[in-house]
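Below, each chain spelled out in residue letters.
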Amino acid sequence: MPKLYTGAEIVFKCLKDQSVEHIFGYPGGAVLPIYDELKNHTSIKHILVRHEQGAGHAAEGYARSSGKPGVVLVTSGPGATNVVTALTDAYMDSVPLVCISGQVPTHLIGTDAFQECDTTGITRPCTKHNWLVKDINDLSDIMHEAFKVATTGRPGPVLVDIPKDIQFAKTKYKKPKKEKKLNEKFNNKFSQKHIYQLIELIKKAKKPIIYSGGGVINSGPKASNELREFVELTGFPITSTLQGLGAYPGDDNQFLGMLGMHGTYEANNAMHDCDLLINIGARFDDRITGKIDEFSPNSKKVHIDIDPSSINKIIKVDLAIVGDVAKVISKINKTILKKKNGHSKSNKPNIAKWWEQIQKWRGKDSLNFVNSNDSIKPQHAVQRLYELTKDKDTYVTTEVGQHQMWAAQHYKFNKPNRWMTSGGLGTMGYGLPAAVGVQIAHPEKLVVDIAGEASVLMTMQEMSTAVQYNLPIKIFILNNQYMGMVRQWQELLHEKNYSESYSEALPDFLKMAEAYGCKGIKAENPSELDEKIQEMIDYKGPVIFDCHVDPNENCFPMIPSGKPHNQMILGPKDQEDNKIKGKGKALV
Amino acid sequence: MPKSKSAYSVPTKKGKSDTYIFVVWVDNEAGVLARVVGLFSGRGYNIESLAVAEVDAAKNISRITIVTTGTPQVIDQIKRQLTKLVPVHKVAEFKREDKNVIFKEMALFKIVGKKNKIQKCLNVCKKFDLVILDETKTSRVVQITALRREIDKISKKLKPHGLISASRTGAVAMTRGAKVFN
């Protein structure tokens, strides 16, 4: 007779078979049997967070920086509801998470028992799939299936809800089934015919642009290499979404910078004027497209995506290639190389004029800002941080708001998986716990959370986690005392009625750092900035860096809501030309 | 400069909406209907009618038939989203006008009144596979099967003649000929 295992043991056996090394969690009544089992499995390290949302974001940071699924363990009721924000965030940004939640015993389900909630009901719209395990014999299959669903196709979060009696019940353990080959066919629904069609379009293009997104990162490091080769082979300009930064080197000449609402002038104008748009692993998000009717009006559009439901969702495309980005681009590259061997004809001369035009747009220097000797400009702070950390293999997370956009604009990423930010859901409070997760996955690397003081206060309690595990994360707060992005919108669109966007009482971050048992550093003027940043980098332990920046600075360039790509505001001066009063100094 | 104070773009012109019928094969498991229906409500799609029942007990398969309206782009999106759900096996969609597909709905009517009024009602229903399920001196319960709009019309007609209660199913669909959906 085969050995019988308890549900809790089966959970760990599954985690081991799925090569899980870290789980982020918080104990409670309904998961105690699983926590009890933890001591018997030394290969799996549990990271105790201070709030379940932190566990979720930490697992996201872990997953995004390592390519492995993040695992979260929470209790029933409030444990599960607290993790909903992180699950939704992961769903929007396609991050593979496996969340295991405890549930009240099966006989109590539906009775409003203590710490009971309809977890699978609540998380249904924010997971790829979820399961309530009602029979112990289903547990191993469901656990393996959960990892499969989370990591295959377009990745995303899943949740397995396990009632307490199931954690105690005993049954046989089932190993995961091997079905690798099948997956590949399932994901790649394109044929060589599609590739030829794309090559035809590439040949004819006079004003092409490549627009790459988070799908390239999710597809793995190979996809980034293939993308780089593709860009080199074609000589085409490339722009990237927020999530895609790092897939292509940020300091390369063919890279036009980020596009979209706070993207560069050259990237957005190129998107608007192009005649061939190749979308690789992006989803035509509304922050990218601006006004749909006037989005890239004269281009043939190609969309490469692993998720068939992304095709034609927002923008109708002329050619859709459904497949794994790495696979598709590798096929394209091979086909181009083969053709070139025949008659080594390149269309680079065809697009010389296009590059001239792009250089003209570049001349606007849309990310420029007027620096100051009296106060630290936030853009300057990010630039200095970049200059002082670029020689290290630095991982950057962010919160959400102005600082996030400045980080995206001024920090240049050269490798994939180095940039973790909440793009789709825009979750303030993402960056600090995400940094915890990144540092767990990469203990020797420098991990910086570029933060805003409002965002970081939302999940500040996770500093306690960082201190407990001695994770040397650096929380680089651009402190402008405002919810900066809210203030900016109020300035531009609500007649400077700064309704509730100013934080009248902020904590003293130095004392806070001290209270948590980590190091606090404060910088108030530009002359001391470099020295202080260096001090932060050199310190072997977690740091809260309170960087006081100009509170009136706005994030430019910007496409106002409902406008097409070619109607950007470049800076305060441009704003005045457009008959809207603006405070601050000229940017252009 | 922007007049819109929204952080989002303004709605653009919508295309023409048409009625479509979706047929969805799903694993017959707890919560599967909630997933399908939740997808519609969560993404703002409309459900006009819904019919669901197990069709293959051995394979544990249920068949859900959903009548919905939308522009071709929305319909395409509904199909792609449905296909993504884990317990969904396959999805087929048809325009209501599709001549190769049979759509049927069933209705039960309770008619109460004098003999001649009841007779009038029965005459109206005659053409639609009328079955009399229950009969008393003053009432009838009848069953008809027809298209949605036909049932709409009949019930409107019967109202003044003693129709006091109506119960209707959602549409079910089947292709004509030997071909099956795939």
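What you see is a predicted model; the values in this text were computed from it and never measured. (Residues numbered from 1 in each chain as written. Chains lettered and ligands numbered in written order. Predicted model: local features only at pLDDT ≥ 70, side-chain atom pairs only at ≥ 80, totals over all residues.)

## A word on the overall build of chain B
Then comes step 1: Secondary structure summary: chain B contains 4 helices and 9 strands in total.
Then comes step 2: Counting from the amino terminus, helix and strand elements in chain B follow one another as β-α-β-β-α-β-β-α-β-β-α-β-β.
Then comes step 3: In terms of overall dimensions, chain B has C-alpha extents of about 70 × 55 × 30 Å along its principal axes.
Then comes step 4: Split into buried and exposed, the 182 residues of chain B put 21% on the buried side.
Then comes step 5: Once local pairs closer than 6 in sequence are excluded, the contacts in chain B between residues at least 24 apart make up 71%. (Helix = DSSP H or I, 4+ residues; strand = E, 2+ residues; numbered from the N terminus. Buried ≥ 20, exposed ≤ 12 C-beta atoms within 10 Å, placed from the backbone. Contact = placed C-beta atoms within 7 Å.)

## Topic: the pairing of strand 9 (residues 208-212) of chain A
All names here are of chain A.
Then comes step 1: Across the 5 residues that make up strand 9, a large majority, 5, are buried.
Then comes step 2: Relative to strand 10 (residues 238-240), strand 9 runs parallel, the two being bridged by 3 bridges. In the sheet register, S212 faces strand 10, and the bridge partner there is S240. (Pairing = 2+ DSSP bridges.)

## A few points about the packing of helix 3 (residues 52-66) of chain A against helix 5 (residues 84-92) of chain A
Residues and elements named next belong to chain A.
Then comes step 1: Look at helix 3 against helix 5: their axes get within 7 Å of each other, and the N-to-C directions meet at 25°. One finds that helix 3 runs roughly parallel with respect to helix 5. In this structure, helix 3 contributes Q53, G56, H57 and E60 to the contact, and helix 5 contributes T85, A86, L87, D89 and A90.
Then comes step 2: A breakdown of the residues in the contact of helix 3 with helix 5 according to their chemical character gives 3 nonpolar, 4 polar and 2 charged. (Axes fitted to C-alpha atoms, helices over the stretch in contact; angles between N-to-C directions. Parallel < 35°, antiparallel > 145°, perpendicular 65-115°, else oblique. Nonpolar A, V, L, I, M, F, W, Y, C, P; charged D, E, K, R; others polar.)

## Here we look at the confidence of the model for chain A
Then comes step 1: Considering every residue of chain A, the mean pLDDT works out to 94; 95% of them sit at 70 or more.
Then comes step 2: Segment residues 579-588 of chain A: pLDDT under 50, and 34 contacts once partners within four positions in sequence are set aside and those in other chains are kept. (pLDDT = per-residue confidence, 0-100.)

## Observations regarding the interface of chain A and chain B
Much of the literature gives interface size as the accessible area that the parts lose upon coming together.
Then comes step 1: On the chain B side, the residues contacting the 24 residues of chain A number 23 residues.
Then comes step 2: Residues that form the side of chain A that touches chain B fall into these classes: 8 nonpolar, 9 polar and 7 charged.

## Concerning helix 17 (residues 378-389) of chain A
Residues spaced three or four apart along an α-helix face the same direction, because each turn holds 3.6 residues.
Residues and elements named next belong to chain A.
Then comes step 1: Helix length check: helix 17 (12 residues) gives 16 Å between terminal C-alpha atoms against 16 Å at 1.5 Å per residue, within 8%.
Then comes step 2: Looking only at helix 17, the buried set comprises P378, Q379, H380, A381, V382, R384, L385 and T389.
Then comes step 3: Looking at the buried side of helix 17, the elements it contacts are helix 18 (402-410), strand 17 (447-452), strand 18 (474-479), helix 24 (526-538) and strand 20 (543-548). (Expected span 1.5 Å × (residues − 1).)

## Focus: the environment of B:V36
Residues and elements named next belong to chain B.
Then comes step 1: Relative to the elements of secondary structure, V36 occurs in helix 1 (residues 32-42).
Then comes step 2: The exposure class of V36 is buried, given the 23 C-beta atoms found within 10 Å.
Then comes step 3: Measuring from C-alpha to C-alpha, the distance between V36 and L85 comes to 8.0 Å, with 49 residues separating the pair along the chain.
Then comes step 4: In contact with V36, other than residues within four places in its own chain, are V24, V26, I64, L82 and L85.

## Considerations on the confidence of the model for chain B
Then comes step 1: Here chain B averages 92 in pLDDT, while 97% of its residues score no lower than 70.
Then comes step 2: Confidence estimates for the predicted assembly give a pTM of 0.94 and an ipTM of 0.88.

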